[in-house]
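Below, each chain spelled out in residue letters.
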Amino acid sequence: MAGIRVTKVDWQRLRNGAAHHTQEYTCPELVVRRGQSFSLTLELSRDLDCEETLIFTVETGPRASEALHTKAVFQTSELDGGEGWTAAKEAPMENTVTVSLTSPPNAVIGRYLLSIRLSSHRKHSNRRLGEFVLLFNPWCEEDDVFLASEEERQEYVLNDSGIIFRGVEKHIRAQGWNYGQFEEDILNICLSILDRSPGHQDNPATDVSCRHDPIYVTRVISAMVNSNNDRGVVQGQWQGRYGGGTSPLHWRGSVAILQKWFKGRHKPVKYGQCWVFAGVMCTVLRCLGIATRVVSNFNSAHDTDQNLSVDKYVDFFGRTLEDLTEDSMWNFHVWNESWFARQDLGPSYNGWQVLDATPQEESEGVFRCGPASVTAIREGDIHLAHDGPFVFAEVNADYITWLWHEDEGRERVYSDTKKIGRCISTKAVGSDSRVDITGLYKYPEGSRKERQVYSKAVKRLLSVEASGRITQIRRAGGRCLWHDDLLEPATKPSITGKFKVLEPPLLGHDLRLALCLANLTSRAQRVRVNLSGATILYTRKPVAEILHESHTVRLGPKEEKRIPIAISYSKYKEDLTEDKKILLAAMCLVTKGEKLLVEKDITLEDFITIKRAHPGAPGKNFSPV
């Protein structure tokens, strides 16, 4: 009998694509998901004899080996089961055989080469059948990335567009973002991002063997989306100068960024800020099959010294002293959450995991962040991998203001310590509305449980004496920060203060506000008010001062007074950045040495009047998103 060989392969793209939810990918190879069978039909040179066997080989990455689980050799069998790759013959037709191949639910993801060997009567025929791409599978219960809700899978894996929330706590704005994970070349680019990582360049075989693990893969992507330690995708820029590149505010999606990086031979794309990094990372992880969403945190802490407080140093006008202040509070910060099991931590910490590609602090020597379990953050278990203290501080640090004296002494100033981590937001499933998920990250602000968790988190970081008293934290720029300083509140002053906007803050117009002061006591008081204002970036970094004035106010018993404030357009127009943000501060010095700091973030708006076509209809004002 003549030897047998494969003459043609039908990858059954439509059938497999529908079954694996991969029909939207536009790449030339078949795309399937792990832990689930896919079919292909082989045309043979003659009918298959019952004694003849089909032996398949799948391999991925350089130097593929069975020891590293990057190669598997298996033959058709009628028995289901086994922990590795399996193949089963379906009903044969004349000169054809349809085979169902199944990968294990923990298989390495990536591009595979499939080969076949036909053996009969000491004759062998080998053929490379071609390449296919294997992805994570949120539809497979045995996969670590399994997500039970079909609605959430449609949103967090298959939706190729979304909403990113930006702005300030009191004025949250929505911006559309095109993730485009199914567009031309994007899957190939996402796989090449893995191959460009330093770990792959150093030891490619070992790196590929680790790609079965979503913890490993997401940590690599977190580092590669920024360009700080490698030739990653996006170069950050927070100084308001975007020469030679694109302003972060002008991007509307990930596709152009990823294609530019790939076609430019992996030269980092200029420029990105937090929402750009998060948008690109969401594209990559959804493309690879991991359920991912974009999350915005308003009043987000950047705790450089990891003492779980944001320590801000100001002068007698409430102006931030940049040389002394290492921590910061951004108006907003955007990161990602991905859904997968934490085999390293235990099932209590499965579910949403924080990942942040914005290069803020190094994690194990590389600019990346996460995955950090959202549950671990809420419960104060910040010692668990990865980067728990930094993420905990972003949403739950205490905001502490210090008045710096010329003799290098410092004094705690009363201010709102609970302003960190407000309105944590993400897009709703199935609609463009905003969902507040703050409760996933922390217990109600100021509640007994929230304070217990905060104290627990602090104790995880600090050394504890025999008496149980917590001592020194760590040095930040030569200044010792002590637990007593952090957890004991400043003396509450006998006055209150609040900025009030008198007219909507419109770009191109003068700003009109008032500082409203109230005397809480039954005695008259004298207050010295030092006012300052500056244009700022969304990171709250000051750009230029636009207000500097002082007032002395006498408040009668229980009296309230307003100090009017006017800032002309000519005063701020030259120094306003594309963020269009202004920070006002009032340092209120009360008799008897009491001090109160009042702050207000303002975002200027562009309003466009659109008039209806029919006469008499009123115009509508829309603020751009």
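The name recorded for the chain in an unreviewed UniProt entry is protein-glutamine gamma-glutamyltransferase, from Saimiri boliviensis boliviensis. In its Catalytic activity (unreviewed entry) section, UniProt records this for the chain: "L-glutaminyl-[protein] + L-lysyl-[protein] = [protein]-L-lysyl-N(6)-5-L-glutamyl-[protein] + NH4(+)". Quoted verbatim from the Sequence similarities (unreviewed entry) field of the UniProt record, the comment on the chain reads "Belongs to the transglutaminase superfamily. Transglutaminase family."

Before going further, it helps to spend a moment on the overall build of the chain. Within the chain, the secondary structure is distributed over 14 helices and 35 strands. Once the C-alpha set of the chain is aligned to its principal axes, its extents read approximately 110 × 80 × 40 Å. Within the span of the chain, comprising 625 residues, buried residues form 55% of the whole. Long-range contacts, defined as pairs at least 24 residues apart, comprise 68% of the intrachain contacts of the chain with a sequence gap of at least 6. Per element, the accessible surface of the chain, about 27,200 Å² overall, is 48% carbon and sulfur.

Turning to unusual backbone geometry, a few remarks are in order. The linkage connecting glycine 370 with the following residue, proline 371, adopts the cis geometry, with an omega of 0°. Tracing the sequence through the fold places proline 371 in strand 20 (residues 369-373). Backbone torsion omega between alanine 385 and histidine 386 reads 0°, so that peptide bond is classified as cis. By the secondary structure assignment, histidine 386 is in the loop between helix 9 (374-379) and helix 10 (388-396). Of note in this structure, arginine 63 is not a glycine but carries a positive phi near 50°.

Another point: the sheet that holds strand 4 (residues 53-60). The strand order 2-9-8-4-5 describes an open sheet built from five strands, whose pairing is mixed. Edge positions in the sheet fall to strand 2 (30-33) and strand 5 (71-75), since each of these pairs with one other strand and no more. Along the sheet, successive strands turn relative to each other by an average axial angle of 30°, direction set aside. As paired elements, strand 2 and strand 9 (residues 123-135) share four bridges and run parallel to each other. Bridge pairing in strand 9 places valine 32 opposite leucine 134.

What follows is about the pattern of salt bridges. The tally for this structure, following the rule as stated, stands at 35 salt bridges. With a closest N to O distance of 2.7 Å, aspartate 143 and arginine 34 form a salt bridge. Placement of the pair is aspartate 143 in the loop between strand 9 and helix 2 (150-158) and arginine 34 in the loop between strand 2 and strand 3 (37-44), with a sequence separation of 109 residues. For the pair aspartate 143 and arginine 34, a shared accessibility class is recorded, and that class is buried. Of the charged contacts, one joins arginine 512 and glutamate 503 as a salt bridge, the two residues approaching to 3.1 Å between their closest N and O atoms. Bridged by salt links that share partners, the residues Lys312, Lys419, Arg540, Glu599 and Asp601 form one connected network.

Following the UniProt record, the feature "domain: Transglutaminase-like" (unreviewed entry) maps to residues 266-359 here. What you have in residues 266-359 is 16% helix and 43% strand, and the ends, taken at the C-alpha atoms, are 18 Å apart.

Here the chain is partitioned into domain 1 (6-135), domain 2 (163-465) and domain 3 (495-603). Between the C-alpha centres of domain 2 and domain 3 the distance comes to 31 Å. In this complex, domain 2 contributes 34 residues to the contact, which on the side of domain 3 involves 28 residues. Regarding the contact of domain 2 and domain 3, the summed buried area is about 2,600 Å², with carbon and sulfur atoms giving 55% of it. Ranking the residues of domain 2 by area buried against domain 3 places Phe316, Phe317 and Asn331 at the top, with a combined share of 24%. Seen at the junction of domain 2 and domain 3, the total is five salt bridges. Between lysine 541 and glutamate 322 there is a salt bridge, with the nearest N and O atoms lying 3.5 Å from each other. Within the residue set of the side of domain 2 that touches domain 3, elements represented by two or more residues are strand 10 (161-168), helix 8 (274-288), strand 15 (309-314), strand 16 (328-340), strand 21 (398-404) and strand 22 (410-413). If one sorts the elements of the side of domain 2 that touches domain 3 by residue count, strand 16 sits on top with five residues. Here the side of domain 2 that touches domain 3 is built from residues that sort into 16 nonpolar, eleven polar and seven charged.

Once that is clear, we can look at the pairing of strand 30 (residues 542-555). Alignment of strand 29 (residues 525-536) against strand 30, held across twelve bridges, turns out to be antiparallel. Its bridge partner being in strand 30, leucine 531 is matched across the sheet by glutamate 549. Following strand 29, the chain reverses through five residues before pairing antiparallel with strand 30; arginine 540 in that reversal takes a positive phi of roughly 70°.

Our next topic: the environment of glutamine 452. Here glutamine 452 shows up in helix 12 (residues 448-461). Residues glutamine 452 and glutamate 379 lie 73 residues apart in sequence; the distance between their C-alpha atoms is 9.4 Å.

Turning next to the UniProt feature "active site" (unreviewed entry) in the chain. Look at the UniProt record and you will see "active site" (unreviewed entry) annotated at Cys274, His333 and Asp356. The greatest C-alpha distance among the annotated residues, which extend across 83 residues, is 9.8 Å, indicating that they converge on a single site. Within the secondary structure layout, histidine 333 lies in strand 16. Among all residues touching histidine 333, those that are not within four sequence positions of it are Cys274, Val295, Ser296, Asn297, Ser300, Asp356, Thr358, Gln360 and Glu394. For histidine 333, the side chain forms a polar contact with the side chain of aspartate 356, separated by 2.7 Å. Inspection of the secondary structure assignment puts aspartate 356 in strand 17 (residues 351-356). Taking the relative accessible area as the measure of exposure, aspartate 356 reaches 1% and is therefore buried.

Moving on to the sheet that holds strand 32 (residues 581-590). Taken together, the four strands give an open sheet; going across it, the order is 30-29-32-33, and neighbouring strands pair in antiparallel fashion. A single partner strand is all that each edge strand has here, and the edge strands are strand 30 and strand 33 (595-603). Within the sheet, the average angular offset between the axes of one strand and its neighbour, ignoring direction, is 15°.

Viewed as axis vectors pointing N to C, helix 10 and helix 12 meet at an angle of 145°, and their least axial separation amounts to 12 Å. Here helix 10 runs over helix 12; the crossing is left-handed. Facing Pro389, Phe392 and Asn396 of helix 10, the residues of helix 12 in contact are Glu450, Val453, Tyr454, Ala457 and Leu461. Taken together, the residues that form the contact of helix 10 with helix 12 break down as six nonpolar, one polar and one charged.

Within the element layout of this structure, aspartate 381 appears in the loop between helix 9 and helix 10. Here aspartate 381 is in contact with Tyr349, Ala376, Lys456 and Arg460, once residues within four sequence places are set aside.

Analysis parameters
- Residues numbered from 1 in each chain as written.
- Predicted model: local features only at pLDDT ≥ 70, side-chain atom pairs only at ≥ 80, totals over all residues.
- Heavy atoms only, no water.
- UniProt positions renumbered as here; feature names shortened; annotations may be inferred.
- Helix = DSSP H or I, 4+ residues; strand = E, 2+ residues; numbered from the N terminus.
- Buried < 20%, exposed > 50% of the residue type's maximum accessible area, 1.4 Å probe, protein only.
- Contact = heavy atoms within 4.5 Å.
- Areas by Shrake-Rupley, 256 points an atom, 1.4 Å probe, with all protein chains shown as cover.
- Pairing = 2+ DSSP bridges.
- Axes fitted to C-alpha atoms, helices over the stretch in contact; angles between N-to-C directions.
- Salt bridge = Lys/Arg side-chain N within 4 Å of Asp/Glu carboxyl O.
- Domains from an automatic or database assignment.
- Buried area = accessible area lost by both parts, 1.4 Å probe.
- Nonpolar A, V, L, I, M, F, W, Y, C, P; charged D, E, K, R; others polar.
- Polar contact = N/O pair within 3.5 Å; in protein donor to acceptor, adjacent residues only side chain to side chain.
- Left-handed = near helix turned anticlockwise from the far one by under 90°.

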